[in-house]
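Below, each chain spelled out in residue letters.
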Amino acid sequence: MNLNTDQLLSTSDLEKEFSLASNHLLKLNAVVENKLKELKIKEEWFKEKELQIEECIKKASDRIKLNVGGKIFESSKETLICKKDTFFYAMLSSGIWQPDEKDGAYFIDRCPKLFHHFLDYLRYGECDLSNLTEFEKKKLKIEADFYCIDLFSNSIAINNNIVVDSFDLNEIGPDISLSNSNKTATKINKTGHSAVVGKEGISKGKKTWKIKIDNINNGSHWICIGVVKRPLTIKTNSYSETWGISSANQRYPGINGTNASGDWTVGHVIQVDLDCDNRTLTVKNLMTGKHENWNNLPGNETFYLSINLYNPNNGVTILE
């Protein structure tokens, strides 16, 4: 086989090309190493800042008083810091802002008239803006920009699917106390599973319950929320008959794992969305967005809100 000399690379040419490629790789490696060092420095800086933020949040009182344009509002620290990148998270985590020495309130020089919408959003994950005028909506948009909260993409009109419900005295387990027109259920006296069931049965269409956690033990906390058929066969371990989840990351029926509920705490609102026509169910924490879904619920059945409480003082309230 004959090859032209201009088609061949000499040994020296190959060595030159190899040397150039090696030098390029060495330079590239040096650049990568410098970038990794920079990233490590930034990572350590961020970790230090995170520790500072956590320390500042710990120092803040669990009950926060806000003076908004001269009007006093109160909320829990947990509610105000539930969403990062907001004015309130920055206020409590920076360590710069301090409450007034006289009244203990953080002063915010803004309009108080519409402020409750922001607290509703932080507490429930949504708010009702359906009755606002166009002028009020424009004003609220300015306030939302200031507080760094996108209210409008998370707002709702009146939800006609909300079930106006209360707990049924005929479907209640031991050591359960009802109050607030039977909308609040509290476990009393003894530790142990105990059921309480709603009055309103749903057999068609889409319906929604909203359940606020009033109290939950930090140690062996356990609350189960979902739906159930009536009558209950047992009013203690009713979770075995429930389609729902417990605050211990358990999914029913059957005891399966879930990551949707292990962080439930006081003030969280759990939404139960039932679609009888499509036989589906969703139980969602409106504060965190975590949820669990069920498909193929039994057909031609009537379902009721189901709650099971375990520890004394654990309590929930049906919202409207």
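Residues numbered from 1 in each chain as written. Predicted model: local features only at pLDDT ≥ 70, side-chain atom pairs only at ≥ 80, totals over all residues. Heavy atoms only, no water.

### Here we look at the packing of aromatic side chains
Inspection of the entire model under this criterion finds 13 aromatic pairs. When the centroid spacing of 5.1 Å and the interplanar angle of 80° are considered together, the rings of Phe146 and Tyr147 count as edge-to-face. Owing to a relative accessible area of 31%, Phe146 belongs among the partly exposed residues under this scheme. Residue classification places Tyr147 among the buried positions, given a relative accessible area of 1%. Here Trp243 and Phe303 contribute two aromatic rings whose centre-to-centre distance is 5.7 Å and whose plane-to-plane angle is 85°, an arrangement assigned as edge-to-face. Of this pair, Trp243 sits in strand β12 (residues 243-246) while Phe303 sits in the loop between β17 (291-294) and β18 (304-309), placing them 60 residues apart in sequence. Note on accessibility: Trp243 and Phe303 belong to one class, buried. Here the aromatic cluster, defined as three or more aromatic residues joined through ring pairs, consists of Phe73, Phe87, Phe88, Phe115, Phe118, Phe146 and Tyr147. Arg110 extends its terminal NZ or CZ atom over the ring of Phe146, reaching a point 4.1 Å from the ring centre. Positioned over the ring face of Tyr304 is Arg230, at 4.7 Å from the centre of the ring. (Phe/Tyr/Trp six-rings, centres within 6.5 Å; stacked < 30°, edge-to-face > 60°. Buried < 20%, exposed > 50% of the residue type's maximum accessible area, 1.4 Å probe, protein only. Helix = DSSP H or I, 4+ residues; strand = E, 2+ residues; numbered from the N terminus. Lys NZ or Arg CZ within 6 Å of the ring centre and 35° of its normal.)

### Overview of the pairing of strand β15 (residues 269-275)
For β15, the tally of buried residues reaches 6 of 7 residues, placing the bulk of the element in the interior. Here strand β10 (residues 206-215) runs beside β15; their pairing, made up of 7 bridges, is antiparallel. When the bridges of β15 are listed, Trp209 appears paired with Val272. Where β15 lies against strand β16 (residues 280-285), 6 bridges are found, and the strand directions are antiparallel. Each bridged residue has a counterpart across the sheet, and for Leu274 the counterpart in β16 is Leu281. Here β15 folds back onto β16 in antiparallel fashion, the turn holding 4 residues, of which Arg279 has a positive phi close to 55°. (Pairing = 2+ DSSP bridges.)

### Quick notes on the nonpolar core
In this structure, Phe167, Trp209, Leu281 and Ile307 are the most contacted members of the largest nonpolar core, which totals 33 residues. Counting 27 residues, the second largest nonpolar core, distinct from the first, contains Met91, Phe115, Leu129 and Leu132. (Core = buried A, V, L, I, M, F, W, Y, C linked by side-chain atoms within 4.5 Å.)

### Remarks on the sheet that holds β15
With respect to topology, 7 strands assemble into an open sheet ordered β7-β8-β19-β10-β15-β16-β17, the strand pairing being antiparallel. Edge strands, defined here as strands with exactly one partner in the open sheet, are β7 (176-179) and β17. Going across the sheet, the axis of each strand differs from the next one's by a mean of 20°, ignoring polarity. Bridge count for β7 against strand β8 (residues 184-187) is 4 bridges, and the pairing is antiparallel. Of the residues in β8, the one forming a bridge with Ser179 is Thr184. (Axes fitted to C-alpha atoms, helices over the stretch in contact; angles between N-to-C directions.)

### Describing helix α5 (residues 134-147)
For α5, built from 14 residues, the straight-helix expectation of 20 Å at 1.5 Å per residue is met to within 8% by its first-to-last C-alpha distance of 20 Å. Among all positions of α5, only Glu136, Leu140, Glu143, Ala144 and Tyr147 are buried. Within α5, the buried residues cover an arc of 105° as seen down the axis, which keeps them to one side. Turned more than 90 degrees from where α5 packs its buried face, Glu134, Phe135, Lys138, Ile142 and Asp145 sit exposed. (Expected span 1.5 Å × (residues − 1). Arc of directions from axis to C-beta.)

### With respect to unusual backbone geometry
A cis amide bond links Arg230 to the next residue, Pro231, at an omega of -5°. Following the sequence through the fold, Pro231 ends up in the loop between β11 (223-228) and β12. We note that Ser181 has phi near 55°; this positive angle belongs to a residue other than glycine. Note on placement: Ser181 falls in the loop between β7 and β8.

### Let's talk about the sheet that holds strand β3 (residues 105-108)
In a beta sheet, neighbouring strands pair by backbone hydrogen bonds and run either parallel or antiparallel. The strand order across the open sheet built from 3 strands is β2-β1-β3, with neighbouring strands paired in mixed fashion. Here the strands that pair on one side only, and so sit at the sheet edges, are β2 (71-76) and β3. In this sheet, neighbouring strand axes are inclined to one another by 30° on average, regardless of whether the strands run parallel or antiparallel. With 4 bridges connecting them, strand β1 (residues 63-68) and β3 associate as parallel partners. When the sheet's bridge partners are listed, Lys65 is paired in β3 with Ala105.

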